[in-house]
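# A structural walkthrough
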2 protein chains.
Amino acid sequence: MRLSRYFLPVLKENPAEAQIVSHRLMLRAGMIKQQTAGIYSWLPLGFKVLKRIEQIVHEEQERAGHIALLMPTLQPADLWRESGRYEDYGQEMLRIKDRHGRDMLYGPTNEEMITDIFRSHVGSYKDLPLTLYHVQWKFRDEVRPRFGVMRGREFYMKDGYTFDVDKASALHAYNRHMVAYLRTYERMGLTAIPMRADSGPIGGDDTHEFLVLAETGESEVFYDQAVTELTLGERAVDFDNRDEVAAICDEFTTLYARTDETHDEALFNAVPEDRRRVGRGIEVGQIFYFGTKYSEAMGATVVTQDGNRVPVEMGSHGIGVSRLLGAIIEASHDDKGIIWPEGVTPFHAGIVNLKQGDAEADAACESLYKALAGAGLEALYDDRSERAGAKFATMDLIGLPWRITVGPRGLAKGVVELTSRRSGESVEMSPEAAVARLVEIYAQHR
Amino acid sequence: MRLSRYFLPVLKENPAEAQIVSHRLMLRAGMIKQQTAGIYSWLPLGFKVLKRIEQIVHEEQERAGHIALLMPTLQPADLWRESGRYEDYGQEMLRIKDRHGRDMLYGPTNEEMITDIFRSHVGSYKDLPLTLYHVQWKFRDEVRPRFGVMRGREFYMKDGYTFDVDKASALHAYNRHMVAYLRTYERMGLTAIPMRADSGPIGGDDTHEFLVLAETGESEVFYDQAVTELTLGERAVDFDNRDEVAAICDEFTTLYARTDETHDEALFNAVPEDRRRVGRGIEVGQIFYFGTKYSEAMGATVVTQDGNRVPVEMGSHGIGVSRLLGAIIEASHDDKGIIWPEGVTPFHAGIVNLKQGDAEADAACESLYKALAGAGLEALYDDRSERAGAKFATMDLIGLPWRITVGPRGLAKGVVELTSRRSGESVEMSPEAAVARLVEIYAQHR
């Protein structure tokens, strides 16, 4: 993308309404625009990151064998009357009447609707296990929306629902989600720690939240420092293998890590003192096993191998897709702006032309731009007639992890400069070598 | 995808509520489920086609130089009060009050919001031309939703908005959209004819609808048969070249083609009699030039090169993404089911194992499945223990354009059968040749 043809409305001033750094940086980098309290437009740069995050979520769900569908944003109230949640949900549910006076609502979550889909089409253990998920806009009418997309009202969420014939299978589905989520967050450059949690209005027995450590987090967290050093990495996981998947979950949940909701002082004190940490965390996902709460209420049953009809065992599993943009920025920025992890960056690299209009510099930039595109990498080429300082400031603000700087002085020596946003280090190399280096870097983030 | 692990709830019976073939086939093929009047869940197969269509739309918008963003589904009523449409829009607008009693609405279209984004960030001719578009869920509270996704209430739509400094530039943006849309529809296997139209509640001077010919279309259409033979094909278009783009528009709009709204009997009678056609059409898109209707009302101005401040010239351009699934099926089916054009098929090919459990047949299917995946083609492998007839019926119903049939008799001769869904023709060839043939076919649909 050539910046002269893009729509990147960066702000020079810090917006007064933003209380936390991610909100401030998303506004300043021209990623979002508030349309009314807690409801945002995703401007082109923000939309690109949102799509990258969604894509990673889809890929990791698919890898775990889960099936994507898409439920609508609006739901009939009657479904929620069946589960009893229509009355229970309170004012966070946005209730709507259509032109015929029928009660509807903007879905805050989808347990009822997916249970309805299941009971309409599935009736036998032979069709299980089944995990259906979608990534869709949801609405919670927060009394005081704030922190930008971190606590918005209209938000984008992945929610998946598992259907199993018995509890052991349902717990395997739970574990499968934990492992899939671990890799999902790692690919986004995040350390997201699974912590035992309370189940809240969804209901349920087993539940873990995934917390990203950040000073601005809404939850107080207590953890063993060693838990932050665990990584799933590139290991191949057989998601059908219950023992293998359970062992990974054990590995990630044995060390102490709890939110204030479930914190146990005695257990925490058993952690070696030099590893005990108290901090704050941002919730970026949650998994639940809740058994037959919805299937019993709504009559979603299956015939077992023995010929009995039983309510299906269920769980639900969510990732806050739009919220993740905020969480990633909270975890990865400096005083100049955002620092995107390679896995979610909106463009793979920025190209800064130090002397726009200079025939040689322009040609070198064009050629770099095309070479990167040819290698499957998308560059943002700052082809504006701005001074170098302004171009660098924009690139630093929007946080592309790699920048290639092209100017007459370097070209005279046959080199350009490749700069890491994170470390600030610059290395001179030929344009071809810079492209090759970026190809190598991004090969690890496919 | 292995069918044994997929969620494809096909129906054996014709659903009574479906009046038109696309609705019937989408229900029978397990693509959609109605949740309440005019609101559908997109089951896995339907969701995949929806995504393919969306992807083509994005690619062709990008090729034309347009920029993707994403506006929210809910909008504050105040924006619509500025344009005067809040009162005008009538009962099709779904009006909502939030917990604080603020008036909101579920966006039926986005002229007001995009104008708000524009006026907040753009003020100079230097930032023009600019085209911003999104693909987002919208809502129109139709009094009598019907025909499945063809006239739903919650629907998925691409809407793009053009901003230009003067009328000539705005008309170029209009033409650019016409050409981009022509290629978009062609890639989906559709003949969509641009026809002069009325502007309706959006307002505007120039407007064309794109109509797909189908007996069940809601509009009566009058056209010169020769117009259906025009194709854009693979020609490279320079979207910045006004004359080139205008010439293509002339090519596609000179022959007579009108809906009943704008039909002119005298002009129609000037068409050679043997080429005069009267039929029905489904609207799958519309482009509008409306000048300064919204920019004047909402104060969206730019400073021109001469230093004057003028309201920006605008247009809006829509494609009915969810509706397209219905339109494609109306245009491409037979009595056995859907026939997907290659460009939008949910899977590139089906694999039917005639003897599940036979070691050799199973191994051959697995190997084919992997070879296709390795070539970037996604197969739906029917690995269920069903009889051949049932497997063929399912494949015919869901409409994958190519099927590979694998059985012991063929394997003894070293061959499998490659069958075209459209022609019904089968050819025996080695598994390797079948993969190579499919790679060749789909190379034309990337």
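A quick note: this is a predicted structure, and the numbers were derived from the prediction, not measured.

### Quick notes on the overall build of chain A
A count of helical and extended segments in chain A gives 14 helices and 23 strands. Its C-alpha atoms give chain A a radius of gyration of 24 Å, within 12% of the compact-globule value 22 Å for 446 residues. Dimensions of chain A, computed from the C-alpha atoms along their principal axes, are close to 80 × 60 × 45 Å. With 446 residues in all, chain A has 60% of them scored as buried. The contacts in chain A between residues at least 6 apart in sequence include a share of 71% that link residues at least 24 apart. Surface accessibility of chain A: about 17,100 Å² in total, with carbon and sulfur atoms responsible for 45%. Taken together, the 53 basic and 68 acidic charged side chains of chain A have centroids lying 6 Å from each other.

### Some details on the environment of glycine 350 of chain A
Residues and elements named next belong to chain A. Checked against the element boundaries, glycine 350 lands in strand E19 (residues 349-353). Distance from glycine 350 to alanine 266, taken between C-alpha atoms, is 51 Å for residues 84 residues apart in sequence. Among all residues touching glycine 350, those that are not within four sequence positions of it are Leu380, Met395, Leu400, Trp402, Arg403 and Ile404.

### Focus on the interface of chain A and chain B
Contacts between the two partners involve 58 residues from chain A, matched on the other side by 58 residues from chain B. Summing both partners gives a buried area of about 4,900 Å² for chain A against chain B, and 62% of it is carried by carbon and sulfur. Ranking the residues of chain A by area buried against chain B places Phe7, Leu70 and Arg99 of chain A at the top, with a combined share of 15%. Note that aspartate 98 of chain B and arginine 153 of chain A form a salt bridge whose closest N and O atoms lie 2.9 Å from each other. Taken together, the links from chain A to chain B amount to 22 residue pairs in polar contact (both at pLDDT 80 or more). Of the residues belonging to the side of chain A that touches chain B, the class tally is 34 nonpolar, ten polar and 14 charged.

### Observations concerning the nonpolar core
Taken as a class, soluble globular proteins show a tendency for nonpolar side chains to be buried jointly. Of all hydrophobic cores here, the largest spans 220 residues; its most connected members are Met31, Trp42 and Phe163 of chain A together with Met31, Trp42 and Phe163 of chain B. Look past the residues within four positions of methionine 31 of chain A in its chain and what remains in contact with it is Met26, Ser41, Trp42, Leu43, Leu45, Gly46, Val49, Leu325, Ile329, Ile338 and Trp340 of chain A.

### Thoughts on the pattern of salt bridges
Pairing between side chains becomes possible if they bear opposite charge and their charged atoms approach one another. All names here are of chain A. Evaluation of the coordinates by the stated rule reveals 58 salt bridges over all chains. Put simply, glutamate 54 and lysine 51 hold a salt bridge, and the shortest N to O gap is 2.8 Å. With a gap of three residues between them, glutamate 54 and lysine 51 both fall in helix H2 (residues 44-63), about one helical turn apart. For glutamate 54, a relative accessible area of 5% corresponds to the buried category.

### Overview of the relation of the copies chain A and chain B
Placing chain A over chain B gives an RMSD of 0.0 Å and needs a rotation angle of 180 degrees, together with 0.0 Å of translation along the axis. Taken together, these values place the two copies in the relation of a two-fold axis. Taking the C-alpha atom as reference, chain A places isoleucine 96 of chain A closest to the rotation axis, 3.0 Å from it. Comparing interface residues between copies, 100% of those in chain A also lie at the interface in chain B; the contact surface is shared.

### Points about the side chain of arginine 323 of chain B
All names here are of chain B. Of note, arginine 323 is situated in helix H10 (residues 321-331). At a separation of 2.8 Å, a polar atom in the side chain of arginine 323 contacts the side chain of glutamate 218. The contact partners of arginine 323, leaving out residues within four places of it in the chain, are Val149, Met150, Glu218, Ile282 and Glu283.

### A few points about helix H6 (residues 167-187) of chain B
Residues and elements named next belong to chain B. Helix length check: H6 (21 residues) gives 30 Å between terminal C-alpha atoms against 30 Å at 1.5 Å per residue, within 8%. Taking burial as the measure, the 21 residues of H6 include 17 buried ones, the bulk of the element. Positive phi shows up at glycine 189, right after H6, with a value of about 80 degrees.

### Overview of the sheet that holds strand E6 (residues 103-106) of chain B
All names here are of chain B. Overall, antiparallel pairing links the three strands, which are arranged E4-E6-E5 in an open sheet. The strands lining the two open edges of the sheet, one partner per strand, are strand E4 (74-76) and strand E5 (94-97). With strand direction ignored, the average angle separating the axes of adjacent strands in the sheet is 35 degrees. Examined bridge by bridge, E5 and E6 share four bridges and lie antiparallel to one another. Among the inter-strand pairings, leucine 94 is bridged to a residue of E6, identified as tyrosine 106.

### Quick notes on the sheet that holds strand E22 (residues 416-420) of chain B
All names here are of chain B. Strand order in the open sheet made by the five strands is E20-E19-E21-E22-E23, with mixed pairing throughout. The outermost strands of the open sheet, each flanked by one partner alone, are strand E20 (379-382) and strand E23 (426-429). Strand-to-strand twist of the sheet, defined as the mean angle between neighbouring strand axes without regard to direction, takes the value 20 degrees. In this structure, strand E21 (residues 402-406) lies alongside E22, joined through four bridges in antiparallel fashion. In the strand pairing of E22, threonine 405 is matched with glutamate 417. Lying on the sheet, helix H11 (residues 359-374) is in contact with strand E19 (349-353), E20 and E21; it crosses E19 at an angle near 170 degrees. Its contacts with the sheet place helix H12 (residues 388-398) against E19, E20 and E21, and it is angled at close to 170 degrees to E19.

### Quick notes on the domain arrangement of chain A
All names here are of chain A. Once the domains are mapped, chain A shows domain 1 (10-338) and domain 2 (349-443). Relative placement of domain 1 and domain 2: their C-alpha centres are 37 Å apart. Contacts between domain 1 and domain 2 engage 13 residues on the former and eight residues on the latter. Here domain 1 and domain 2 share an interface that buries about 850 Å² over both sides, 49% of which is from carbon and sulfur atoms. Summed over the shared surface of domain 1 and domain 2, the result is three salt bridges. In this structure, glutamate 378 engages arginine 52 in a salt bridge whose closest nitrogen and oxygen atoms are separated by 3.3 Å. If you list the elements that add at least two residues to the side of domain 1 that touches domain 2, you get helix H1 (21-28), H2 and strand E18 (337-338). With three residues, H2 is the largest single contributor of residues to the side of domain 1 that touches domain 2. Partitioned by chemical class, the residues of the side of domain 1 that touches domain 2 number six nonpolar, two polar and five charged.

Definitions and cut-offs
Residues numbered from 1 in each chain as written. Chains lettered and ligands numbered in written order. Predicted model: local features only at pLDDT ≥ 70, side-chain atom pairs only at ≥ 80, totals over all residues. Heavy atoms only, no water. Helix = DSSP H or I, 4+ residues; strand = E, 2+ residues; numbered from the N terminus. Rg over C-alpha atoms; globule rule 2.2 N^0.38 Å. Buried < 20%, exposed > 50% of the residue type's maximum accessible area, 1.4 Å probe, protein only. Contact = heavy atoms within 4.5 Å. Areas by Shrake-Rupley, 256 points an atom, 1.4 Å probe, with all protein chains shown as cover. Lys, Arg positive; Asp, Glu negative; His and termini not counted. Charge placed at Lys NZ, Arg CZ, Asp CG, Glu CD. Buried area = accessible area lost by both parts, 1.4 Å probe. Salt bridge = Lys/Arg side-chain N within 4 Å of Asp/Glu carboxyl O. Polar contact = N/O pair within 3.5 Å; in protein donor to acceptor, adjacent residues only side chain to side chain. Nonpolar A, V, L, I, M, F, W, Y, C, P; charged D, E, K, R; others polar. Core = buried A, V, L, I, M, F, W, Y, C linked by side-chain atoms within 4.5 Å. Least-squares fit on C-alpha atoms with pLDDT ≥ 70 in both. Expected span 1.5 Å × (residues − 1). Pairing = 2+ DSSP bridges. Axes fitted to C-alpha atoms, helices over the stretch in contact; angles between N-to-C directions. Domains from an automatic or database assignment.

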